[in-house]
Amino acid sequence: MSFIYTNVLFLMLIPALLLMFLLISKKNNFEQYFSKEALDKLSVSNQYFSKKARNITLFISLIFMIIALARPVTNEKEQRVKQELNTLLVAIDVSKSMLATDLYPNRLDFATKKLLSIIENSKDTAIAVILFAKSSFILSPLTEDFHSLKILVENLDTGANFDNGTNIYSTLEVTNKLLKNSANKNLLLLTDGGDKKDFEKEIDFAKENKINVYTIALASKEGSAIKLKDGNFLTNKNGDIVTVSVNENIKKLALSTNGGYINYSIDNSDINAILNDILKTSKKENIQSKKYKTYTELFYYPLAIGIFLLLLAFSSLPKIRFSKSKSNSLFLVLFVSLFLTNDTYASIFDFQTIEQANADYKAKEYKNATKEYSKLSSSKEQQYNLANSLYKENKYKEAIEKYKNIKSEDRNLNFNKLHNIGNAYAKSNDLQNAKKSYEEALKIKNDKQTQENLDTVNKALEKKEKKKKDQKGQKKNKDKKQEKKKKEDKKQEKSNDSKENKKNKKENKKKDAEKKEHKEKKKSDQKINKKEMSDKEENRWLKQLEKKKANSLLKKIESSQEDDSINPW
């Protein structure tokens, strides 16, 4: 037999011995520290146990409890548990073609969302992440720490300037290096395929090093233009806008290396299909082994003896006689207990109001539903249901306020909240805020209904802009006509009032001089305002720098095979 917490024995025995000395010592020694009135209250009659017997029993029960706290154990053994995992390397294409906007908001941001979904849905898998263009960059080696890996991916600067090109051969080389000790080398490419037609070199390298290549094609067959940071679209040498579509030639690379090929989907069906195939075809390998100690616990034996002796000692206490003050205190205790029991019924009434509110909501009696929901104690669900009910009552402003007050880390709740805020803004004809809400919702989750709502809002905004342009054109035409009339009137006045104009030349010169002085003053004021505006912009820029996330550290790996793609994107 041994003790797990041996320190408890040494730390607790010393105060226990001091307590034993005080309990067994004579009454005269207590009188040195306590008054007679206190000793009379603390004294116990000798009806069942003598004082010394009771004190010895309490001390022995304390010794047994200290032994129980030290956790006595027997049959201590060490066991090793082996952890079997699959290995997967995910490679994201960061070339310029991934900035095409046929996937919302672009292919590269869509790929990062897919990577986060892969991390969430992976089970019994160690994942490594690299980025590739003309060269490859290691973001993370093999790891099971998915929490840290998510932070790296979320802080990834997708707007960084990488080398132009799509060199898949370099990803195979990095895969072979990072997974050299793994029996199963699985590579998942998140790419549009680049523009290469022949992948024979890549296929030979993958077969030689037993690399299984899986591909999720992140591009449409129709293709799309490549939108740059400055808002312009990428053009070729002739000045024509470049459109890039999916390169299905990469399918041969995936199918020839015991891997798989699948087109992208808005939901996670593409990811689940590939992960399930990897689980079926790949054999798990022992990556880690941990040691665990096993033993038989014995603490409940001394604990049971200690509790028994403690009850035995307290059972010999004399009966308590209540005075008036004690009866008053007992009445207060009973009153507080009754007050607490009334609070416990609150949860039952809350449950009844929830049922009533849900019933009113289903029956489309939204006014009654809002009243019932407002009676409930505030929580995320209560705020969300109350906001939904207000939305159904066409009280969009109040609903938006309630939605915005909801703070949660649940992705589904945040998505539904932003989607409903967008609907409320759209109903109240605030299309700009509706667009922002839908876009924020799509950043959390790709949803068909949200995408359709965003498209309709964008169309409505385009119509408004056209109307504004037409109105501006009409105003310009009116202004031109008025100017023509004014010119004609001036000509007539000049012909009739030529004599008066000569007399008033001097006065006009004075007025022109005054106007010039006034303009100069305005220019000086504008310069001062520009300085103030520049200071404000500088402060705003500094605040944005403070809020900006730190970029993830990348390690560049040079490839032995140069990228021979036709186009630099």
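Basis of the calculations
- Residues numbered from 1 in each chain as written.
- Predicted model: local features only at pLDDT ≥ 70, side-chain atom pairs only at ≥ 80, totals over all residues.
- Heavy atoms only, no water.
- Helix = DSSP H or I, 4+ residues; strand = E, 2+ residues; numbered from the N terminus.
- Buried < 20%, exposed > 50% of the residue type's maximum accessible area, 1.4 Å probe, protein only.
- Contact = heavy atoms within 4.5 Å.
- Areas by Shrake-Rupley, 256 points an atom, 1.4 Å probe, with all protein chains shown as cover.
- Right-handed = clockwise from strand over helix to strand, strands pointing away.
- Phe/Tyr/Trp six-rings, centres within 6.5 Å; stacked < 30°, edge-to-face > 60°.
- Pairing = 2+ DSSP bridges.
- Core = buried A, V, L, I, M, F, W, Y, C linked by side-chain atoms within 4.5 Å.
- Salt bridge = Lys/Arg side-chain N within 4 Å of Asp/Glu carboxyl O.
- Arc of directions from axis to C-beta.
- Polar contact = N/O pair within 3.5 Å; in protein donor to acceptor, adjacent residues only side chain to side chain.
- Axes fitted to C-alpha atoms, helices over the stretch in contact; angles between N-to-C directions.
- Parallel < 35°, antiparallel > 145°, perpendicular 65-115°, else oblique.
- Left-handed = near helix turned anticlockwise from the far one by under 90°.
- Nonpolar A, V, L, I, M, F, W, Y, C, P; charged D, E, K, R; others polar.
- pLDDT = per-residue confidence, 0-100.

The next point concerns the overall build of the protein. Along the backbone of the protein there are 20 helices and 11 strands. Looking at the protein as a whole, 34% of its 569 residues qualify as buried. Once local pairs closer than 6 in sequence are excluded, the contacts in the protein between residues at least 24 apart make up 75%. Total accessible area computed for the protein in this model is approximately 38,700 Å², and 52% of it derives from carbon and sulfur atoms.

Of all the seven residues making up strand E5 (residues 185-191), seven are buried; the element is thus mostly covered by neighbouring parts of the structure. What you see with E5 is no split at all: Lys 185, Leu 187, Leu 189 and Thr 191 on one side and Asn 186, Leu 188 and Leu 190 on the other are buried throughout. Viewed along the sheet, the connection from E5 through helix H8 (residues 200-208) into strand E6 (residues 211-217) turns out right-handed.

Summed over the entire model, instances satisfying the criterion amount to six aromatic pairs. Relative to Tyr 301, the ring of Tyr 300 lies with its centre 4.8 Å away and its plane at 55°, an arrangement referred to as tilted. Centre to centre, the rings of Tyr 391 and Tyr 396 are 5.5 Å apart; their planes meet at 65°, and the pair counts as edge-to-face. Through a chain of ring-to-ring contacts, three or more aromatic side chains come together here, namely Phe 299, Tyr 300 and Tyr 301.

Glancing now at the pairing of strand E3 (residues 125-132). The element E3 is extensively covered by neighbouring structure, given that eight of its eight residues are classed as buried. By the alternation rule, side chains of E3 split into Thr 125, Ile 127, Val 129 and Leu 131 and Ala 126, Ala 128, Ile 130 and Phe 132, which are all buried. Here five bridges tie E3 to strand E4 (residues 136-143), and the two strands are oriented antiparallel to one another. Considered in E4, the bridge of Phe 132 is made with Ser 136.

Once that is clear, we can look at the nonpolar core. Counting residues in hydrophobic clusters, the biggest one holds 33 residues, and the most contacted among them are Leu 188 and Leu 190. Looking at this core, the elements with two or more residues in it are strand E2 (72-93), helix H5 (107-121), E3, E4, helix H6 (146-154), E5, E6 and helix H10 (269-281). Here the element with the most residues in this core is H5; it accounts for seven residues. Every residue in contact with Leu 188, bar those within four places of it in the chain, is listed here: Leu 88, Leu 89, Val 90, Ala 91, Ile 118, Tyr 214, Thr 215, Ile 216 and Ile 274. Among the nonpolar cores identified, the runner-up in size contains 27 residues, and Tyr 169, Leu 172, Phe 199 and Ile 203 belong to it.

Within the element layout of this structure, Gln 383 appears in helix H14 (residues 380-392). According to the relative accessible area criterion, Gln 383 is buried, its value standing at 16%. Gln 383 has contacts with Ser 378, Lys 402, Asn 405 and Ile 406, leaving out every residue within four places of it along the chain.

Topologically, Asn 446 is positioned in the loop between helix H17 (431-444) and helix H18 (448-496). Once residues within four sequence positions are removed from consideration, Asn 446 is found in contact with Phe 110, Lys 113 and Ile 266.

What follows is about the environment of Glu 381. Among the secondary structure elements, Glu 381 is positioned in helix H14. Of the residues examined, Glu 381 reaches a relative accessible area of 52% and is grouped as exposed. On a C-alpha basis, the gap between Glu 381 and Leu 413 in space is 9.1 Å, while along the polypeptide they are 32 residues apart.

Enumeration over the complete set of coordinates arrives at 10 salt bridges. Residue Asp 270 is joined to Lys 114 by a salt bridge in which the shortest nitrogen-to-oxygen separation is 2.9 Å. Of this pair, Asp 270 sits in helix H10 while Lys 114 sits in helix H5, placing them 156 residues apart in sequence. The same class applies to Asp 270 as to Lys 114, namely buried. What emerges from the salt-bridge pattern is a single network uniting Asp 102, Arg 107 and Asp 192.

What follows is about helix H15 (residues 396-405). All of the buried residues in H15 are Tyr 396, Ala 399, Ile 400 and Tyr 403. Buried residues of H15, viewed axially, fall in a sector of 100°; they line one side. With respect to the buried face of H15, the exposed residues turned more than 90 degrees away are Lys 397, Glu 401 and Asn 405.

Glycine aside, a negative phi is what most residues show, and trans is what most peptide bonds show. Looking along the chain, the bond that leaves Tyr 104 and enters Pro 105 is cis, with omega of -15°. With respect to the element layout, Pro 105 can be found in the loop between E2 and H5. The phi angle at Arg 71 is positive, at roughly 55°, despite the residue not being glycine. Its relative accessible area of 23% is what places Arg 71 among the partly exposed residues. Backbone geometry at Asp 124 places phi at a positive 50°, although glycine is not the residue there. In this fold, Asp 124 is placed in the loop between H5 and E3. Classification of Asp 124 as partly exposed rests on a relative accessible area of 43%.

Turning to the side chain of Ser 97, a few remarks are in order. With respect to the helices and strands, the residue Ser 97 is situated in the loop between E2 and H5. Looking at Ser 97, the relative accessible area reads 1%, which means it is buried. In this structure the side chain of Ser 97 is engaged in a polar contact, spanning 3.1 Å, whose partner is the side chain of Ser 95.

Bringing the packing of helix H4 (residues 51-69) against helix H11 (residues 300-315) into the picture now. Two measures define how a pair of helices packs: the angle their axes make with one another and the distance between the axes. Contact pair H4 / H11: the axes reach a minimum separation of 8 Å and the direction vectors enclose 160°. Comparing the axis directions of H4 and H11 gives the class roughly antiparallel. The way H4 lies across H11 gives a crossing that is left-handed. Here Arg 54, Thr 57, Leu 58, Ile 60, Ser 61, Phe 64, Met 65, Ile 67 and Ala 68 of H4 come into contact with H11, specifically with Pro 302, Leu 303, Ile 305, Gly 306, Ile 307, Leu 309, Leu 310, Ala 313 and Phe 314. Across the contact of H4 with H11, the residue classes break down as 14 nonpolar, three polar and one charged.

For the pair helix H16 (residues 411-427) and H17, interaxial distance at closest approach is 8 Å and the crossing angle is 160°. The angle between H16 and H17 places the two elements in the roughly antiparallel class. For the pair H16 and H17, the crossing hand works out as left-handed. Packed against H16, whose contacting residues are Arg 411, Asn 414, Phe 415, Leu 418, His 419, Ile 421, Gly 422, Asn 423, Tyr 425 and Ala 426, the element H17 presents Asn 433, Ala 434, Ser 437, Tyr 438, Glu 440, Ala 441 and Ile 444 at the interface.

The next point concerns the confidence of the model for the protein. Scored by pLDDT, the protein comes out at a mean of 78, with 74% of its residues at no less than 70. pLDDT under 50 marks residues 320-351. Its contacts with residues more than four places away, or in other chains, come to three contacts.

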